[in-house]
Structure formats: structure tokens, C-alpha cells
Amino acid sequence: MTVEDPSGRLAAKARRRRFMMLTAAVIGLAMLLPGLATVMQRDSTPAADQATSTTPAAPAIKPLAVVVVTEVVGVGPDGCPAPGLGPYTEHRQLCDLEKKGLYTLGSDRIELQLTGASAVPPSLAEALNPTAPPTTTAAASGGYTVHVLMTPESGREFADFTAAHPGKQLAFVRDSQVVSAPKVDGRIEGQTLVLSGELTAEQAERTAALLRNGS
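In the nomenclature of an unreviewed UniProt entry, the protein chain corresponds to SecDF P1 head subdomain domain-containing protein from the organism Mycolicibacterium insubricum.

Caption draft 1: Region of interest: the packing of aromatic side chains. Taken as a whole, this structure holds 1 aromatic pair when the rule is applied. Ring centres 6.4 Å apart and planes at 80° place the aromatic pair F158 and F172 in the edge-to-face group. You can see F158 sitting in helix α4 (residues 152-164) and its partner F172 sitting in strand β6 (residues 170-174), a full 14 residues away along the chain. According to the relative accessible area criterion, F172 is buried, its value standing at 1%.

Caption draft 2: Main features of the nonpolar core. Among the nonpolar cores identified, the biggest contains 26 residues, and V66, L114, F158, L170, F172 and L211 are the most heavily contacted of them. Breaking this core down by element, the ones donating at least two residues are β1 (64-74), β3 (101-112), β4 (114-120), β5 (144-150), α4, β6, β8 (192-199) and α5 (201-213). When near neighbours in sequence (up to four residues on either side) are disregarded, L170 contacts V66, V67, V68, V69, F158, F161, T162, S180, A181, P182 and V184. A65, V69, A171 and V173 belong to the second-largest nonpolar core, a separate cluster that totals 10 residues.

Each value, and the rule that gives it
Each chain carries its own residue numbering, running from 1 in the written order of its sequence. For this predicted model, a pLDDT threshold of at least 70 governs which residues receive local features, and a threshold of 80 or more governs which side-chain atom pairs are given and counted, while totals over whole chains, interfaces and linings are taken from all residues. Water and hydrogen atoms play no part in the side-chain values, which are based on all heavy atoms of the structure. Classification of ring pairs uses Phe, Tyr and Trp, with its six-membered ring standing for Trp, and accepts pairs whose centres are within 6.5 Å; under 30 degrees between planes counts as stacked, over 60 as edge-to-face, and the remaining range as tilted. Secondary structure elements follow DSSP: runs of H or I no shorter than four residues count as helices, runs of E no shorter than two count as strands, and numbering proceeds from the N terminus. Exposure classes here rest on a 1.4 Å probe applied to the protein chains alone. A residue is buried below 20% of its type maximum, exposed above 50%, and partly exposed in between. Buried Ala, Val, Leu, Ile, Met, Phe, Trp, Tyr and Cys residues that are joined via side-chain atoms within 4.5 Å together make up what is termed a nonpolar core. Whether two residues are in contact is decided by their heavy atoms, any of which lying within 4.5 Å being enough.

Laid out in C-alpha cells, this is it:
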């Protein structure tokens, strides 16, 4: 006759309960893992990539028309034609920003793709671009200058254009206004133009803003 130890039966039951609890825990963990992996994958995008996707791109600068001037006459505000936004035509007449000069434009023109334009105080002008001559024939008078940056391709096009029109006055036209009209002595190389003259800080800032964004 075999005598069964009651404590053995209790121990066996306890082991079965622990096994069942462990099995249930493993099954529950397996069910949670796919959802956890999805959350980790969604949040694993680098912060820099997230910032890039939500940051709007800077607006591109519109091409700037550069046209040979055939004639300039002094006028007052009443002598300026109403600015038109239609297509460019030869012999079109436009006024400058101050409405003091009426410019007759010729047929030779190019379009430059700018990458920036900024007003520069006289204390920084030489340090920023010590080798670039001003595009105007008048020497810098200690006033503000406007530094205009363009793409390499536009730099080459402008160099060829100025070489073909030595001694001519060129109108930089934005929104049917002559923003600047420097007289060039010959070929101008590089990707930076320096517009000089007796510009105040306000005039230089306005010119740079128009070159970048228009009115």
C-alpha cells in the first residue's frame, strides 16, 4: 500500500499554477510586442528630419531683368507713367524709385537669377568684398552700398553682357520700376555686384528688399 504525502500534492498544484501564470504572461507579452514595435518605429524618425518636413522652404527670388538704357530724362512724380505689369516691350519708359528720372529701355536685356541682396554700411563694405569694384562710375562716397549675389551661371551671363555694352547704363528692373541704373565701364566678373552711390541706410534697405522680393 502506497501512502501519498499530502504536501507533495500541494507542491504539484503550486507548480502547475505557476506554470499557467507564466504561460499567460508570455502570451500577453507576445500580443503587446507588435504594437510596441509600431510605436518605436513611428518615433524613431530623427528630430532633424521631423524639423525639415515641417519647415517651409524659403521662397525663390524672381529673375531680375537687366536692360540697356537708351535715354534718361529728369522728371517729377507727375511725369512718370503708371507702372504696368504687362510683358516687356522695347522703348518702354519706366521711372526710378524716387520718381526723378524717366528711363527709355532698349532691346538688349538679360535676366539674372539672384540668390540674395543686402544693404551694407560703409564700415563693412570693403571687408565683405575688398576686390569688387562698384558698378557705378562714381566712386563710393561713404554711403551705404547694396551687395547683390547671383548664381554662377548668371555671373557668367552678366560678365558677357557688360563686356558687350561698355560705357552703357543698365537698368535693373523689378515690378515695372528701375531699382538701380548703374553705368558700367566694361566687363564685370564674379557673382557679386556692388551698387554704390550716395545711398542712405533707408534707401539701401529698400533697394535690397526690392531686388530680393519685389514690391
